[in-house]
Structures are given as structure tokens and as C-alpha cells.
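Now for the letters of each chain:
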Amino acid sequence: MSTARRAHPLLQNGAGGDDGDDEREEEEEEDGDEEVEDEAAEDGDDEEEPRLKYQRLGGSVPAILSTDAAASIAVADRMVALGTHNGTLHILDFQGNQVKEIAAHTATINDISFDADGEYIGSCSDDGTVAISSLFTDEKLKFEYHRPMKAIALDPNYSRNYRRFATGGLAGQVLVLTKKTWGGYHKKVLRDGEGPIHSMKWRTDLLAWANDAGVKVHDMKTDRGIAFIERPKGIPRPEFLLPHLVWQDDTVLVIGWGTSVKIAAIRTDLSQGLNGIQRTIVAVGSEKYVDIVGSFQTSYHISGIAPFGDLLVVLAYIPDEDEKEKKFSASVTSRQGTAQRPEIHLVSWKNDEVTTDALPIHGYEHYKAKDYALAHAPFSGSSNAGGQWAAGDEPLYYIVSPKDIVVAKPRDAEDHIAWLLQHDCHEKALAAVEAGQGRTELLDEVGSRYLDHLIIERKYAEAAQRCPKLLRGSPSAWERWVFHFAHLRQLPVLVPYIPTENPQLSDTAYEVALVALTTNPSFHELLLTTVKNWPPALYSASPVISAIEPQLNSSSMTDTLKEALAELYVINSQYEKALSLYAELLKPEVFEFIEKYNLHDSVRDKVPNVVNLMILDSKRTVHLLIQHRDIIPTYEVVDQLLHTDRNCDKRYFLHLYLHALFEIDIHAGKEFHDMQVELYADYEPRMLLPFLRTSQHYRLDKAYEIFAQRELVREQVFVLGRMGNAKEALSTIINKLENIEEAVEFVMDQHDDELWEELIRQCLQKPEMVGMLLEHTVGNLDPLYIVSLVPDGLEIPRLRDRLVKIVTDYRTETSLRNGCNDILKADCVNLLVKYYHEARRGVYMASMNEEVHGNRVDDGSSRASERSSSVRALDIKSRTRCGARCCLCFDPLPIQDISVIVFYCCHAYHLSCLEGGLDLMRSNSNQDSDNGSDDEDGSPSGESRMRCVLCTTAAA
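Residues numbered from 1 in each chain as written. Predicted model: local features only at pLDDT ≥ 70, side-chain atom pairs only at ≥ 80, totals over all residues. Heavy atoms only, no water.

S.K.: I'd like to hear about the overall build of the protein, residue by residue, with values.
M.R.: Summing up its helical and strand segments, the protein has 35 helices and 33 strands in all. Burial status across the protein gives 46% buried among its 956 residues. Pairs at least 24 apart in sequence give 55% of the contacts found in the protein among residues at least 6 apart. For the protein, the accessible area works out to roughly 48,200 Å², and carbon and sulfur atoms hold 49% of it. (Helix = DSSP H or I, 4+ residues; strand = E, 2+ residues; numbered from the N terminus. Buried < 20%, exposed > 50% of the residue type's maximum accessible area, 1.4 Å probe, protein only. Contact = heavy atoms within 4.5 Å. Areas by Shrake-Rupley, 256 points an atom, 1.4 Å probe, with all protein chains shown as cover.)

S.K.: Outline helix H20 (residues 650-664), listing residues and values.
M.R.: Look at H20: 21 Å from first C-alpha to last across 15 residues, which is about the 21 Å you get at 1.5 Å a residue. Along H20, the residues classified as buried are Phe653, Leu654, His655, Tyr657, Leu658, His659, Ala660, Leu661 and Phe662. (Expected span 1.5 Å × (residues − 1).)

S.K.: Describe in detail the packing of aromatic side chains, supporting the description with residues and values.
M.R.: One pass over the full model with this rule turns up 20 aromatic pairs. For the pair Phe143 and Tyr185, a centre-to-centre distance of 5.2 Å together with 85° between the ring planes defines the contact as edge-to-face. One end of the pair, Phe143, is in strand E10 (residues 140-144); the other, Tyr185, is in strand E14 (residues 185-191), with 42 residues separating them in the sequence. For Phe143, a relative accessible area of 14% corresponds to the buried category. By the ring-pair criterion, three or more aromatic residues cluster together here, those being Tyr575, Tyr582, Phe593 and Tyr597. (Phe/Tyr/Trp six-rings, centres within 6.5 Å; stacked < 30°, edge-to-face > 60°.)

S.K.: Please provide a residue-by-residue account of the packing of helix H5 (residues 426-434) against helix H6 (residues 442-456), values included.
M.R.: Viewed as axis vectors pointing N to C, H5 and H6 meet at an angle of 165°, and their least axial separation amounts to 10 Å. With respect to their mutual orientation, H5 and H6 come out roughly antiparallel. The two elements H5 and H6 cross, and the hand of that crossing is left-handed. Here His426, Glu427, Ala429, Leu430, Val433 and Glu434 of H5 come into contact with H6, specifically with Leu442, Leu443, Val446, Arg449, Tyr450 and His453. Considered class by class, the residues forming the contact of H5 with H6 number seven nonpolar, two polar and three charged. (Axes fitted to C-alpha atoms, helices over the stretch in contact; angles between N-to-C directions. Parallel < 35°, antiparallel > 145°, perpendicular 65-115°, else oblique. Left-handed = near helix turned anticlockwise from the far one by under 90°. Nonpolar A, V, L, I, M, F, W, Y, C, P; charged D, E, K, R; others polar.)

S.K.: Lay out the pairing of strand E26 (residues 343-347) in plain terms, naming residues and giving numbers.
M.R.: For E26, the tally of buried residues reaches five of five residues, placing the bulk of the element in the interior. The two faces of E26 match: Glu343, His345 and Val347 on one face and Ile344 and Leu346 on the other face are all buried. Relative to E26, strand E25 (residues 311-317) runs antiparallel, the two being bridged by five bridges. Its bridge partner being in E26, Ala316 is matched across the sheet by Glu343. Relative to strand E27 (residues 353-358), E26 runs antiparallel, the two sharing five bridges. When the bridges of E27 are listed, Glu343 appears paired with Ala358. Counted between consecutive antiparallel strands, the loop separating E26 from E27 contains five residues, among which Asn351 sits at a positive phi close to 70°. (Pairing = 2+ DSSP bridges.)

S.K.: Tell me about H6, and name the residues and values.
M.R.: An α-helix turns once every 3.6 residues. As a result, residues three or four positions apart point the same way. For H6, spanning 15 residues, the distance from its first C-alpha to its last is 21 Å, which sits close to the expected 21 Å at 1.5 Å a residue. Those residues of H6 that fall on the buried side of the exposure criterion are Leu442, Leu443, Val446, Gly447, Tyr450, Leu451, His453, Leu454 and Ile455. In this fold, the buried residues of H6 make contact with helix H4 (413-422), H5, helix H7 (460-471) and helix H8 (475-487). Looking one or two residues past H6, Arg458 carries a phi angle of roughly 60°, positive in sign.

S.K.: So what's going on with the UniProt feature "repeat: WD" (unreviewed entry) in the protein? Which residues, and what values?
M.R.: Residues annotated in UniProt with the feature "repeat: WD" (unreviewed entry) correspond here to residues 102-132. For residues 102-132, the end-to-end C-alpha separation is 10 Å, with 0% helix and 58% strand making up the annotated structure. (UniProt positions renumbered as here; feature names shortened; annotations may be inferred.)

S.K.: Quick one: what's the story with the nonpolar core, residue by residue and with numbers?
M.R.: Membership of the largest hydrophobic core comes to 86 residues, with the highest contact counts inside it found for Phe485, Leu494, Ile498, Trp534 and Tyr657. Each residue touching Ile498, except ones within four places of it in the same chain, is listed here: Trp478, Val482, Leu505, Tyr510, Ala513 and Trp534. Core analysis: the next-biggest nonpolar cluster, separate from the first, contains 24 residues, Phe308, Ile344, Val354 and Val406 among them. (Core = buried A, V, L, I, M, F, W, Y, C linked by side-chain atoms within 4.5 Å.)

S.K.: I'd like a description of the sheet that holds strand E17 (residues 214-219), backed by residues and values.
M.R.: Spatially, four strands are ordered E15-E16-E17-E18 in an open sheet, and the strand pairing comes out antiparallel. The open sheet has two free edges, formed respectively by strand E15 (197-203) and strand E18 (224-230), since each of these has just one partner strand. Averaged over all adjacent pairs, the angle separating strand axes in this sheet is 15°, with direction ignored. As judged from the five bridges shared by strand E16 (residues 206-211) and E17, these two strands associate in the antiparallel manner.

S.K.: Tell me about the sheet that holds strand E12 (residues 165-169), residues and numbers included.
M.R.: Strand pairing in a sheet relies on backbone hydrogen bonds, with the paired strands running either antiparallel or parallel. One open sheet accounts for four strands, arranged E11-E12-E13-E14; its pairing is antiparallel. Both edges of this open sheet fall to strand E11 (149-154) and E14, since each of them pairs with a single strand only. Taking the axes of each pair of neighbouring strands and ignoring which way they run, one obtains an average angle of 25° across the sheet.

S.K.: Residues and numbers for the packing of helix H21 (residues 673-683) against helix H23 (residues 700-710), please.
M.R.: One way to put it is that H21 packs onto H23 with a least axis distance of 10 Å and a crossing angle of 15°. If you check the angle between H21 and H23, you find them roughly parallel. Classified by chirality, the crossing of H23 by H21 is right-handed. Between H21 and H23, the contacting residues are Asp674, Val677, Glu678, Ala681 and Asp682 on the first element and Lys702, Ala703, Ile706, Phe707 and Arg710 on the second. Within the contact of H21 with H23, the residues separate by chemical class into five nonpolar, no polar and five charged.

S.K.: Describe the pattern of salt bridges, naming the residues involved and giving the relevant values.
M.R.: Summed over all chains, the structure comprises 25 salt bridges. With a closest N to O distance of 2.9 Å, Asp155 and Arg164 form a salt bridge. For the pair formed by Asp155 and Arg164, the shared burial category is buried. When the shortest N-O distance is used, the salt bridge between Glu684 and Arg686 registers 2.9 Å. A single network of salt bridges, built from pairs that share partners, joins Arg651, Glu678, Asp682 and Arg710. (Salt bridge = Lys/Arg side-chain N within 4 Å of Asp/Glu carboxyl O.)

S.K.: Before we move on, can you summarise the confidence of the model for the protein with the specific residues and values?
M.R.: When pLDDT is averaged across the protein, the result is 81; 79% of the residues are at 70 or more. Every residue in residues 327-335 is under pLDDT 50, and counting partners more than four places away or in other chains gives eleven contacts. Below a pLDDT of 50 lies the segment residues 931-944, which in the model reaches 21 contacts outside its immediate sequence neighbourhood of four places, other chains included. (pLDDT = per-residue confidence, 0-100.)

S.K.: Mind laying out the side chain of Gln676, listing which residues take part and the relevant values?
M.R.: Mapped onto the secondary structure, Gln676 falls in helix H21. For Gln676, a relative accessible area of 2% corresponds to the buried category. Excluding residues within four positions of it along the chain, Gln676 makes contact with Leu658, His659, Phe662 and Phe691.

S.K.: Any details on the state of the cysteines? Residues and values, ideally.
M.R.: This model, assessed by the stated rule, comprises zero disulfides. Note on Cys889: no disulfide assigned, nearest cysteine sulfur contributed by Cys913 at a separation of 3.6 Å. (Disulfide = S-S within 2.5 Å.)

S.K.: Break down the pairing of E15 for me, citing the residues and quoting the values.
M.R.: Counting buried positions over the seven residues of E15 gives five, a clear majority of the element. Looking at chain direction, E15 and E16 are connected through six bridges and run antiparallel. Bridged to Ser199 within E16 is Ala210. Between the end of E15 and the start of E16, which pair antiparallel, lie two residues, with Thr204 showing a positive phi angle near 50°.

S.K.: Describe unusual backbone geometry, with residues and values.
M.R.: Looking along the chain, the bond that leaves Asn502 and enters Pro503 is cis, with omega of 5°. Considering the arrangement of structural elements, one finds Pro503 in the loop between helix H9 (491-494) and helix H10 (507-516). Located in the positive-phi region is Asn351, a residue other than glycine, with phi close to 70°. When you line up the elements, Asn351 lands in the loop between E26 and E27.

Shown next, in the form of C-alpha cells:
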């Protein structure tokens, strides 16, 4: 594929010459820079990333070229050799600093060669001499040939292989010189008579050279030629376009000549060539073969060629159109100052162009193709899949012109990242840095430039989203961008991504962010979420509150902003203000908030609070008001509910509150009972009668008026009865309710005999009422009396059935009363007998050390023991009649190890005294006791002997 030419502005690292040339170079650089900008503008946004980067060689080079001109160059592992037109050989390090200077020749140095170890250097010149010098000793050799020498190649093993080298020039001979063991050099001519030798390269045992006929490869080990590659047809003479040879490795030779490129592979068999191309050129009798594995034509003249991994670097000279059409003559073409810039083409073996870079070489307008040279430093590494080399393994390419040397080398990861940033591929640049392709310090730079790019593109939301990844844990970077977003008035988009820890920013940054969210209603939801999520310790709530409070009465105030303000009040410990807002917003959690912060006083002091709470949840509000009625007085609650301007049923809320208050404490809201009567009548009439019966703090006349207006008959009856107008109340029951049962109940409650007469009188006016009266007055009035008052001839429905029922009910009632009286008498007798027997029993109180044996007592004695355990806990002194003394011996009762017997008559004895007293009584009365007989109460005889001596004697 072909790519657009890319002009590269070069980094000037000491590339300037002396003062005399500064002005000229500045003019050239300005012209070059203008052209670079023009070409870069033409490239457009689809420009592909270059594979090489360029830098002018500094150090001593500008000073050398200010007084001389470069003619040739060679590169070894540790140094660079630069040959000039004055015949001087300059040994440089890779930064361009001169290490050594060798005055080898007196004319232009055409070619330079190092041995494999980099210890010896050979050069040839137009002065007809070949010079070989040791770089580390004083050893020097010089050979005179009296004809211009154009090429030289040292044996790679020069120091170990008899100081052997090859050279050639206009004489057309390929000479190989080998040092003799006894001194001097042995000269051997490998080829002659085929024209001047233009180029020569030696690799291992293979020597390749180019003459007018073509390129030949000679095996120095077997001293036999193995290949001849014919010169491309249609190209200018070698005097104008030199052939260029370069060994890519030990078996691959790359040939660039004119507009033709060929890649020759040295084989030992007829195996398939590289890249699927096989073309064999074999010399007769040779044991090695050469395959042309790649071949293509170019549209430009080749001024140098070098390998680049699996690709080729080609230094291209772009001829003018007129120059292409003009035939090359034997005379030297005059320089008109119209030449184009040289270019570096990176191509594959099939001529697929990867990149093309135009080089702003100083004075390029005046140069021809043969004025340029390309040399590359030996390298051991190879490119990876991404075209990158490991540090230290990347190849170096030296582009030489008479007055300028440019060094090209593969772009590294940081160059790749810089190119991505330059072309606004910030996301790819970030990915490359994160993948470890550059210094970690680059991450901050890439992140900052990425954010700058997004801000310039007005992609504020995307920039905010990238901040956590790009700014990472740098507090200063975060704060810088927070204030930058604030300056752009785009801070709300960044707020969701601002960190609260690792790193934690300054309180000012958080405050600025929150204030920014108060400015627009569309941000209020985010403000509320942020206030809830951010730890309060990060910022001061006061600046944010100050920004919101002026909006309270404005159109920009939203419920969300009010809730956010309430949250800020809580953070700032302004709980009363927060309560007002929560109540206004009807937040269900307001009740827990009141209890948590003990804000009952605020409920009392703030007029809207009670009403708002009632609207939110009347049941919980009433419970709260009742539970804390000592803090929230009733009159204040009633006043708030009565005078509220909120659109709500305030009288219903008032009813709920007063009703709940009345159920807890009937006197708590007594001053509002008149109001409560009306509220009950409107909202809960069924509760009126219980209220009227319980309360004594309402006006009867006003209550009666209310009931009359609402036709609440039973309530009217109750009030009339309370007012003392019992007759009218009775008349209301009979005439409006027509409920004789209620009338009878009413009369019974009044305990007024005259009302009975009034009841009978009014009932006699209605025959049906008379019959109902007879049914419901049994037990209260004598039915015969009612019957006697009935006028003659008054027809009473179902009179006979009702009289039968009256008689039957009367009999049943009489029978029940007699039965109840009998049961009552029997129960009284039984209980007296039981009490008598219980009173005769003694309570045995054993001593502390006495053990109670199970075989000593029976079921009756076990019950006595249970009673004794409880009696022992009594204060004997206060319960006995003898003042805590035995009634027989008069000694104190609490004598250790002596048991005590206490009777229900409150007489107490020592056990020994009581037993002796009872025995004396039996002997005096001459009573014979049967040990197995039972006493009157059915107790065993052994237990019956325990009797109170004093009470038994008195009874006898």
C-alpha cells in the first residue's frame, strides 16, 4: 500500500554550524518548517503513524561540516566513521562527538569499512590510495594504486585472517590483499575487465561487489564465484546512480541500484525461496546457490538501502519530471537548486509501502542522488509484532548529505504515545501507558492532555467520567480539575466522580462542588444524593446553607432542594429548622427524627409543625402529642389546628386529637369539651353518649342545641335528663324513639316515682305502649296497678298473652329468689363450720435444729407444716395475746431448741407446756380417748389432742 509523504521537523541537538553558517541554516530551517507545515496540513486526519523518528546528529558534526563536506560513512558496534571530501577520517561516538581524527587521504573518501571487532578501519579515496588504521594502536597501512579507488571491504576477521581486505576502483580490478608471513602483502585479482568497481561488501566468507556489468558474489573460503546478478536495464550509469549493497544477515544480500531492488538469498540447495519467490542464478561448479527472493521497481532513485526487521529502509531521491525524461550524458549535470527533499521509504519485499517520510535536509535543493548515503548500525534484535525494538537493540540509520547528517531510529513506546496525543487519539495513548509501554510519569501527562482535549471539544460529561481513571490518587490534580470545572460552570457533571477518600480533597473543594449544585433545579436531585452520601466531616455545611437559604421563597426552590437543606441543617446541628422542612415535605421519618433529637418543644413552638404532622400521619401525630402532652400543651395544639391556613380538614384532626386526649385523661382538655361535643356530633356520633356520661365540663344548653340541630334524639334525652327536665326527656323517648324499653331504663336511672306515673300516663294514650309497658315493668311496678289504670274499653293488643307472660315471669322470679336464698344460707353455714374447724387447728413451729421426718405426719399434718412455714415468718410478738410468751409457763417463746404451737385464736404455747396442759385436762375430765377414733372435724386423734388450753377451758 502507498502512503502520503510525511515531512518530519527534526530536533535540533547541536546541529548548528559555526557563526558564519548560522544565518544560512536558519533560513533553510525556516523554509523547511514552512514546507513541513504545508505537507502536514495536506496529510489530513487519516495520517498513519510513522515507524521511524529522526534527529540531526550533533556533537562535533556541525563544526566538521561547516568547513568540510561529508562524502561517506560507516557504522560499527561502538563508533561511527565519517569520511569527508578533504580526505579526513573522523571517528565519532553515537552522539556525534569526535573521538579520533585520521588524516588518511588528500581527496574525497569514497568508501569506509570496519572489521567485525571494530578494531580496524579501512578507507579508499579518489587520490588512488587505500589506508588501513588500527583504532587502538598506532598501526597504519597505506597502499598506492594511482587510480581513484571507489570501494573497500575488510575481512570481518581481519586481525585473525592475515590482515586480508578487498578493494577496487576505476581500474576495474577486484583486488584481494593478504599479508604474507615473511612480510609484505600478496595481491590477488578476483575479477578484471568488467568496468569500474562501484561498491563492495564482505560478510563471513562471502564477498559481493558491483561493477558496470552487475553484482557478483564470491565465496572466499572456496575461492569460487557463486553468483552473478545482471545490472538492471534502463537505469542511469553508475557514475550518476551508484549501486548499493547491504547484507541483511549471513545469507541475504539486498541490492538497490537505480530504481530496482533485489533480495538475493544464498542457498546450499534448491529449496523454495523466501516470500514464495524462487529464482536461481547458479555459477557453474559452485556448491552454493543464490535465490532472488524479492524484486521490484521504484518510482524514485535509490540513494541508499538497509534492512529494517522484515522490511527495508530505502533512501529515495525524487527526480524532477524533466530529469526523468532527459537522457543522462557523460557530462556532470549542473545543479539548478530545484531538487526535492530526499525521502525515507519503509517498504516490504513486495514493495508494499508502510510509511514515507520527507526529510528537510539542509541544502537538499542542490543535491543529486549520489550526494546522499545511508548506513545502518549493526543490531542483534528484531522487531516484534508492534514494530518496536527492546531498549538498546533498535537499529540506527544514518542519512548523510554533504552538510548534514540525520539519524533515524525506530519510534519507541513514548514516541508512539506522543504521536497518539498529537493526533487526538487520547484513549489509545492512555491504553498504551496503562499497558506499561512508557514511563509511569507519562500517565499524568497523558491524562491531563486527554482531559484538556475533552474540555476543548466541550465533552464535559465524558471528561468528568474519565477523571477517576486519569487523576487516580492525586489530591492536587483532583482539586485543580474541580476548580477548573467550576470555572467553566460545568462542575455538576464532575460531582458524582469526586472521591471522598483515597484521596481526600480539601474541604473547600467539596464545598465548591455542593454550592455549584444549588444553582439549577436540574441539579437538586444530585445535590440531595451527594449530601446523603458524602461523609459530613469532609466539608462545612454553612457555606452550602448560605447558598440555599436565599432561594427559600423563590421560584427556584424545589422540594428536593428543601430536603437537601434539611439534611444540611442536620449536619450543622440545626435540628429545629430541619424539623420544619421535614414536616413541610411530609417525610414519614419525621417522627423518628423528633424522638431521636427530642424536638417536642419545636413541635409546640412552630405553628405549621402540628398541622403538617397531622397531614402526614394523623394517628402517629396524635400518639406523639398525647404521649408528650406535658411538653406540648393542649391549648397550643388546638390553637395551631384551628388557625392553620393549610388546605386540610383541620376540624377532623382536632377531633382525633381531643378524642384521644379524652380517652387518656378526661380532664386534660376540659376547656374544649364544648367544642368536642360538636366534633363528636359531626364525626363520631356513636361516641357522644359515653362522652356525655363521663364529662362534666360541657354546657348542657349548648349541647342540647347541637343535638336538636342534628336530630340526635338519644343525646337530647340524656341532656334533658341531665338538665332535670325528665318528663320532657321521657316524652321524647316515647314519642320520637317509641322505645318503651329505653323509657323504662330511663325512669329507673332517674329514681323518681313521679316519672313512673308519667310513664304510665303517656303510655295509656297508646294501646300498644300499654302492652309493651306490661312486659318491661315486671320487677319494677305491680302489673295489677297498671291494669287498674287502664280505661274501660281500651283495646290492648295481645293483652291475654302478655298477662300470662307476666304471671309466668313472676312465678319464675319468685322461684329463683327462693332457691337463691336457700343456696345462700347453706353456703353461709358451710363456711362457718369450715372456719370453726380451721380455727381450732394449731400451727406447729419447729426449732431450727429439729428434723422433720416423713413418717411422722400424714396428709393433714403436711398441710399443717405448710401453714407453719408461713407463720414462722410472722412476728410472734405482734400476733400472740400473751406478748410473745407461753400462755402456760409465761416464758418467752423464742427460746432456742424449743418448738412452739400457735393457734388461730392467737394463743401460743411451748410444745412441751401444751402437751402437759392437755394431759392434765384429760385426767381431770376423766375422758377416755380411743387412739384410733376421729375428732369432730374428722382429724386423727393424735392431732385432735392439740387444742388451745385457754379456749377449751373457757368453752367448757
